[in-house]
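Structural overview for review
In case you want the letters, here they are:
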Amino acid sequence: MIRASLTAICLAYLLSCACWAKPDGSKNKKPKQVVPDIGCDVRAGKINLPEFIVKCPAHCKETKQQVYGTSVFASISSICNAAIHSGVITNSGGKVIVRKMAGQSAYKGSNSNGVRSLSLPKWRESFLVSVGKPKKGVIYPSTLDFVPSRPTYVKTRQEEDKSPAVTTVMPTTAALKPTTTTTPKTTTTTTTTLAPTTTTTLAPTTTAPPPSPTTAKARAAVHKVRDAAPRSTDSDGSRKMPLDTAHTRAEPVDAWKPEVNLYETGFNIREPEPVPRAPEPVSQGDPNCKVDLAFLMDGSWSIGKRRFKIQKDFLAEVAQAINVGVAGPMMGIIQYGDDHVTEINLKTYSSSKEVKSAIDKIVQKGGLSNVGKALSYINKQYFSDANGNRGGAPNVAVVLVDGWPTDKVEEASRLARESGINIFFVTIEGPDDNEKHNLVEANFVDKAVCRTNGFFSLPVTSWFALRKAVQPLVKRVCDTERLVCSKTCLNANDIAFVIDGSSSVGTGNFRTVLQFVANITREFEISDTDTRVGAVQYTYEQRLEFAFGQYNNKAELLNAIKRINYWSGGTSTGAAITYTAEQLFSKSKPNKRKIMIVITDGRSYDDVRAPALAVHRQGVIAYSVGIAWAAQDELEYIATDPDKEHSFFVDEFDNLYKFVPKIIHNICQEFNSQPRN
């Protein structure tokens, strides 16, 4: 009995504990992870959180938002495209976990999962991406804390003059009537009289006044004394040979008048409400000259003040001639001497008028002519997103040199060219026979320019003839088809697909072939000035599906590939190659690499050797892709030597996709192995 009673008491106690732990039998609910949505363009650096989760939309790959790095990305990269590049999500979108980390000294670009990432020398912050599946018990913020955009700040004229702006605002309850009395041969005195009023009396403020205008303006009048060792000077201040003469440079100071100092009157001084102005229309610029153009202007002592002014006038005329605008050319200026200084960033001004006004304010820097140093700077830092580099526009650097550089330019210019920068040299009054022994690097122009064909170098006999070089230079920098040094393996081609539409292929397999064509096309940068794609379908006959340049937008081009209708018939591959040469490659643009990709599933009824040899002689790089019953010997005849790099064979149509990265790799490897000069 006692044992039974104890058992009953224990059971009752356990039941009461269970009820106390879970009243009403309810279960403990885990907090639910809320995942905020972001756009394709959102960069990691714009979110002020060390670690967070986001959801990317579909089709971010098509937006081509820029990515910098591989595995570890710079924080100016698009989160979603970085995730696609890493394979964390596909182009259909998905959840991504982002973790911030310290900046890297270098970010290496690569091509992965259809996203091309760019290289970057260094950046202040990095991030990693991983699959958006939080660990057990980890809850990320449900809302994102975005870094606020910096407000646009416009310098006042006083700030530009390095003088404080003293703004006088009359109190609403009392009228200030300043009267000025001037006594001959004495200083000017200023008296402020208050008109009587019946309204509120203003109490004096206890705020400490800022520095008086007198002190600030006196500071603004102090200028640096620069020592230099110029050549012997002529009448306009230019130098010829080095002298041990020190020069002192001083700028004139504008006269100023005493002002009423209201800080001593005891009244509060308020900034006036800004008067709203209608925004000026943004200049679109010349769309036929869409380049990112940087000028390296010579600020060395050798140029002299007068000739420095001629150089500024030349740059102002170039700015006017090229029609600066957001949809056309953008123009920046770096002045070089002993060191370099950025005068104008690419994104600073969006019209020729603004650029001309900024050029007028540039002051000569002085020093030597260290061109190599300046070229290294534009390569590593100037052509960056932060400075306004647009990515889709060719990068052009025009170097103006008085005489010759005082440092070596070959290595710096080579690295700049390999980064895709088109380098032009404008040389004025080059060394004569008596001065050539002073050259640091012989034939420096040929070693520096993008191509040694005369197009990228412009010698000018004298500074006074420089104005005549405006139009020839503008014509060259705007000729985007000849700016070959900004071309890459992805934007420098005319690619023709020659597609077998014979009966043996079948409707289902034909759709697989079109997908293969689309997958290759998707890797390239498509536009009228970048890579262009054409397509021919053949049986016994041939049909031009679309020509080069017919579709200059990647989305439109991919849709056009998808819409190709299966033909069905025999297999005359040789006639198709000849037809492609006549209909497509005869209309190919100069400086475009001509690439032909022939896809077939059987032996041709006609000869392929003679047509293939003919297109090879025209400079066409031919790839052959055979499936199932394709003849190996014919694939080798069609392909450019070496055969093993240009011909491919697969047993089944479904395995075609495996050749996409190999073909892209070979195209880029061949392009990058070409000599730069």
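Just above sits the structure.
Report follows, based on the coordinates. This structure is a prediction, so every number in the text was calculated from the model and none was measured. (Residues numbered from 1 in each chain as written. Predicted model: local features only at pLDDT ≥ 70, side-chain atom pairs only at ≥ 80, totals over all residues. Heavy atoms only, no water.)

Okay, the nonpolar core next. Ranked by size, the top nonpolar core spans 71 residues in total, and within it Phe295, Met331, Ile378, Val398 and Phe425 carry the most contacts. Looking at this core, the element that brings in the most residues is helix α6 (residues 304-322), giving 8 residues. The next biggest cluster of nonpolar side chains, apart from the first, holds 43 residues, and it includes Ile495, Phe497, Ile499 and Phe671. (Core = buried A, V, L, I, M, F, W, Y, C linked by side-chain atoms within 4.5 Å. Buried < 20%, exposed > 50% of the residue type's maximum accessible area, 1.4 Å probe, protein only. Helix = DSSP H or I, 4+ residues; strand = E, 2+ residues; numbered from the N terminus.)

Ordered in space as β20-β19-β18-β21-β22-β23, the 6 strands form an open sheet in which the pairing is mixed. Two strands in the sheet have a free side with no partner beyond their single neighbour: β20 (542-546) and β23 (647-650). The sheet shows a mean angle of 15 degrees between the axes of neighbouring strands, taken without regard to direction. (Pairing = 2+ DSSP bridges. Axes fitted to C-alpha atoms, helices over the stretch in contact; angles between N-to-C directions.)

Here we take up the packing of aromatic side chains. Per the stated rule, a full pass over the model turns up 12 aromatic pairs. An aromatic cluster is present here, built from Tyr377, Tyr382 and Phe383 joined pairwise through their rings. Residue placement shows Arg482 over the ring face of Phe455; its charged tip is 4.0 Å from the ring centre. We note Arg543 situated over the ring of Trp567; from NZ or CZ to the ring centre the distance is 4.7 Å. (Phe/Tyr/Trp six-rings, centres within 6.5 Å; stacked < 30°, edge-to-face > 60°. Lys NZ or Arg CZ within 6 Å of the ring centre and 35° of its normal.)

Now for empty space enclosed by the protein. Applying the stated criterion to the full structure yields 1 cavity of 30 Å³ or more. Put simply, the largest cavity is a space of about 40 Å³. Lining the largest cavity we find Thr573, Thr600, Gly602, Ala630, Ala631, Glu634, Leu635 and Ile638. With 3 residues, helix α16 (residues 632-638) is the largest single contributor of residues to the lining of the largest cavity. Here the residues of the lining of the largest cavity sort into 4 nonpolar, 3 polar and 1 charged. (1 Å grid on protein atoms, 1.4 Å probe; cavity = no way out; pocket = protein on both sides within 12 Å on 5 of 7 lines; lining within 4 Å. Points joined across faces, edges and corners; volume = space filled by probe spheres on them. Nonpolar A, V, L, I, M, F, W, Y, C, P; charged D, E, K, R; others polar.)

Our next topic: helix α3 (residues 79-86). The buried fraction of α3 amounts to 7 of the 8 residues, a majority that puts the element mostly inside the structure. What α3 keeps buried is the set Ile79, Cys80, Asn81, Ala82, Ala83, Ile84 and His85. Where α3 ends, the next residue or the one after it, Gly87, has phi of about 80 degrees, a positive value.

A few words on the sheet that holds strand β1 (residues 51-56). Ordered by their spatial adjacency, 5 strands build an open sheet running β1-β4-β7-β3-β2, and the pairing between neighbours is antiparallel. Among the strands making up the open sheet, the edge pair consists of β1 and β2 (69-70). As paired elements, strand β3 (residues 72-74) and strand β7 (residues 125-131) share 2 bridges and run antiparallel to each other. Residue Ala74 lies in a different strand from β7, and its bridge partner there is Ser126. α3 contacts β1, β2, β3, β4 (94-102) and β7 of the sheet and is inclined by roughly 60 degrees relative to β7. (Contact = heavy atoms within 4.5 Å.)

A few words on the pairing of strand β15 (residues 395-402). The side chains of a regular strand alternate between the sheet's two faces. Burial runs high along β15: 8 of the 8 residues are buried. Neither face of β15 is exposed, since Asn395, Ala397, Val399 and Val401 on one face and Val396, Val398, Leu400 and Asp402 on the opposite face are all buried. Bridge analysis of β15 against strand β16 (residues 421-428) gives 8 bridges, and the strand direction is parallel. Paired with Val401 across the strands is Thr427, a residue of β16. Taken together, β15, helix α9 (residues 410-418) and β16 form a β-α-β motif whose crossover is right-handed. (Right-handed = clockwise from strand over helix to strand, strands pointing away.)

A word on the packing of α6 against helix α11 (residues 470-477). It is the contact of α6 with α11, at a shortest axis distance of 10 Å, that shows an interaxial angle of 50 degrees. Relative to α11, the element α6 is oriented oblique. In the crossing of α6 with α11, the sense of the turn from one axis to the other is right-handed. Between α6, through Phe314, Glu317, Val318, Ala321 and Ile322, and α11, the contact on the second element is made entirely by Val470, Gln471, Leu473 and Val474. For the contact of α6 with α11, the class distribution of residues is 7 nonpolar, 1 polar and 1 charged. (Parallel < 35°, antiparallel > 145°, perpendicular 65-115°, else oblique. Left-handed = near helix turned anticlockwise from the far one by under 90°.)

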